[in-house]
Amino acid sequence: MAATVATPVTPAEHDPDRCGSEEESRGAEAEEESSQQQTGPAATVTHNRLSKLPLARIKALMKTDPDVSLASQESVFIIAKATELFVEMIAKDALVYAQQGKRKTLQRKDLDNAIEAIDEFAFLEGTLD
């Protein structure tokens, strides 16, 4: 018959290899819980903070399409976020060409070069002409 030895469980000591403290991880968990999908007026406030583009303007642009009669807050937010990510991606790619030219300012030719060089931007060819 095996003997069972009970050992008291103590809180973990500070581990130098571990990044952040328990308080920070609790704060991050609380932040994740509060960022869960919300509905109502609180959701609008959350979406506004997460989007850098004006959501009212995005919604107005969406409604200029005759096929769009109604646009939910969530759809407007998704379109705004996708637009932000697209602009960020093309700007970063154009920045590479500006840096090759030893410049810090993006120019039209940098955008043209990025559009021509990257297949994902093929649908934009000729739009800056």
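Let us look at the structure shown here. (Residues numbered from 1 in each chain as written. Predicted model: local features only at pLDDT ≥ 70, side-chain atom pairs only at ≥ 80, totals over all residues. Heavy atoms only, no water.)

Turning our eyes to something else, we now look at the environment of V96. Position of V96 among the secondary structure elements: in helix 4 (residues 73-100). For V96, a relative accessible area of 41% gives the class partly exposed. Along the backbone, V96 and N113 are 17 residues apart, and their C-alpha atoms lie at a distance of 9.8 Å. (Helix = DSSP H or I, 4+ residues; strand = E, 2+ residues; numbered from the N terminus. Buried < 20%, exposed > 50% of the residue type's maximum accessible area, 1.4 Å probe, protein only.)

Looking now at the nonpolar core. The nonpolar side chains of a soluble globular protein tend to be buried with one another. Counting 6 residues, the largest nonpolar core consists of L55, I58, M62, A71, V76 and A80. At the level of elements, helix 3 (55-63) and helix 4 are the ones that each hand at least two residues to this core. With 3 residues, helix 3 is the largest single contributor of residues to this core. (Core = buried A, V, L, I, M, F, W, Y, C linked by side-chain atoms within 4.5 Å.)

Okay, the packing of aromatic side chains next. All chains considered together, the criterion is met by 2 aromatic pairs. Ring centres of F86 and F121 lie 5.9 Å apart, and the angle between their planes is 85°; on these two criteria the pair is classed as edge-to-face. One end of the pair, F86, is in helix 4; the other, F121, is in the segment after helix 5 (108-117), and 35 residues separate them in sequence. An angle of 40° between the planes, with centres 6.2 Å apart, marks the rings of F86 and F123 as tilted. Highlighted residues: F86 in helix 4 and F123 in the segment after helix 5, separated in sequence by 37 residues. Overall, F123 belongs to the exposed group, its relative accessible area being 57%. (Phe/Tyr/Trp six-rings, centres within 6.5 Å; stacked < 30°, edge-to-face > 60°.)

Below, the discussion takes up the packing of helix 3 against helix 4. The contact between helix 3 and helix 4 brings their axes to 9 Å, and the two run at 100°. Regarding the angle of helix 3 to helix 4, the classification is roughly perpendicular. Only S75, V76, F77, I79 and A80 of helix 4 make contact with helix 3, whose side of the interface consists of L55, I58, K59 and M62. Of the residues assigned to the contact of helix 3 with helix 4, the class counts are 7 nonpolar, 1 polar and 1 charged. (Axes fitted to C-alpha atoms, helices over the stretch in contact; angles between N-to-C directions. Parallel < 35°, antiparallel > 145°, perpendicular 65-115°, else oblique. Contact = heavy atoms within 4.5 Å. Nonpolar A, V, L, I, M, F, W, Y, C, P; charged D, E, K, R; others polar.)

Moving on, we get to the pattern of salt bridges. Under the defined criterion, the tally for this structure stands at 3 salt bridges. The salt bridge involving E88 is made with K92; its shortest N-O contact spans 3.0 Å. Of the two residues, E88 and K92 both sit in helix 4, 4 residues apart, roughly one turn of that helix. In this structure E88 comes out as partly exposed when scored by relative accessible area, which is 37%. (Salt bridge = Lys/Arg side-chain N within 4 Å of Asp/Glu carboxyl O.)

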